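Coordinate analysis (summary)
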Amino acid sequence: AVVSTQSTGTEERKLINDFVYLMEKSKQLFQQLRHLPQHGQFNWQVHFSRTFDCFSKLWKFQQDHRGILDLKYGLQRWQIGEIASKIGQLYYHYYLRTSDTSYLQEALVFYLAMRQRNYYNKYEDDTILLKKLRYYTRFLVVAFMVNKMDLVLELKTEMSVLIEELAETRSAVEVNEWKAIVSEVTNFRGALNHISVTRMDTSTVFLSHRLLPENRVLPELTLSPN
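In this text, all values refer to a predicted model and were calculated from it rather than measured experimentally.

Right, let's get into the overall build of the protein. Each helix and strand in the protein was counted, giving eight helices and two strands. Scanning the protein from its N terminus toward the C terminus, one meets helices and strands in the order α-α-α-α-α-α-α-α-β-β. The buried share of the protein, reckoned over its 226 residues, is 38%. For the protein, contacts bridging at least 24 residues in sequence account for 70% of all contacts bridging at least 6. Carbon and sulfur atoms make up 52% of the accessible area of the protein, which amounts to about 13,700 Å² in all.

The next thing to look at is the pattern of salt bridges. Where charged atoms from two side chains of opposite charge approach closely, those side chains can pair. Within this structure, the stated rule accounts for 11 salt bridges. Across the pair Arg-170 and Glu-174 runs a salt bridge, and its minimum N-O distance is 3.5 Å. Owing to a relative accessible area of 28%, Arg-170 belongs among the partly exposed residues under this scheme. Shared partners join several salt bridges into a network, and the residues in it are Glu-82, Lys-86 and Lys-131.

A few words on the packing of helix α5 (residues 101-117) against helix α7 (residues 149-166). As a packed pair, α5 and α7 sit with axes 14 Å apart at the nearest point and diverge in direction by 45 degrees. Here α5 is positioned oblique relative to α7, judged by the angle of their axes. Crossing geometry of α5 relative to α7 is assigned as left-handed. Residue-level inspection shows Leu-108, Leu-112 and Arg-115 of α5 in contact with α7, the latter providing Leu-151, Glu-154, Leu-155 and Glu-158. Looking at the contact of α5 with α7, its residues break down into four nonpolar, no polar and three charged.

Analysis parameters
Residues numbered from 1 in each chain as written. Predicted model: local features only at pLDDT ≥ 70, side-chain atom pairs only at ≥ 80, totals over all residues. Heavy atoms only, no water. Helix = DSSP H or I, 4+ residues; strand = E, 2+ residues; numbered from the N terminus. Buried < 20%, exposed > 50% of the residue type's maximum accessible area, 1.4 Å probe, protein only. Contact = heavy atoms within 4.5 Å. Areas by Shrake-Rupley, 256 points an atom, 1.4 Å probe, with all protein chains shown as cover. Salt bridge = Lys/Arg side-chain N within 4 Å of Asp/Glu carboxyl O. Axes fitted to C-alpha atoms, helices over the stretch in contact; angles between N-to-C directions. Parallel < 35°, antiparallel > 145°, perpendicular 65-115°, else oblique. Left-handed = near helix turned anticlockwise from the far one by under 90°. Nonpolar A, V, L, I, M, F, W, Y, C, P; charged D, E, K, R; others polar.

By themselves, these are just geometric observations and shouldn't be taken as functional.
Structure below.
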């Protein structure tokens, strides 16, 4: 029984060490990817694939060993949310570099799953609240780009509530900066209602959205948020 207990403890320590290694490695690769030049001749796809592969392993690892990580490592839901958020950012930035809208759709899938699972709902200080606000800001950008205007309105309303909560602990200057983002969302959404495309004879051109399901091409890099 003693040998069995020791063996179990050793396995758990190895599991936690492996998780910490993947966490640190993924952060390192993500930071390197963010500092790559936006233009020029370099093989950025290699850096992206390496980063995505690391996050894929990290995501699956925490899914497979959630019970032990919760109990022995003290894994918090907001930490899972941070992993998911970075995966969403990877998809979004890959879209920016390739203009492949299927990656934009994958970013939306992850952000929607994060909202459904309430990864940031429990926090002891405003540090996690700030992470949640940054996530909402990125989510809003993606929602705009895929033309989910009802979702944009919902996110804007939820974000306004979060900002009021932030006002209890942060300075007025910082709170006003977040309020300015909500104001910009309102203004941009209003401006879209006044934009139309016309032909030379002034007749209106009706454009269908490019991310309709039948127009989607699934990307090579996919990862389930479940």
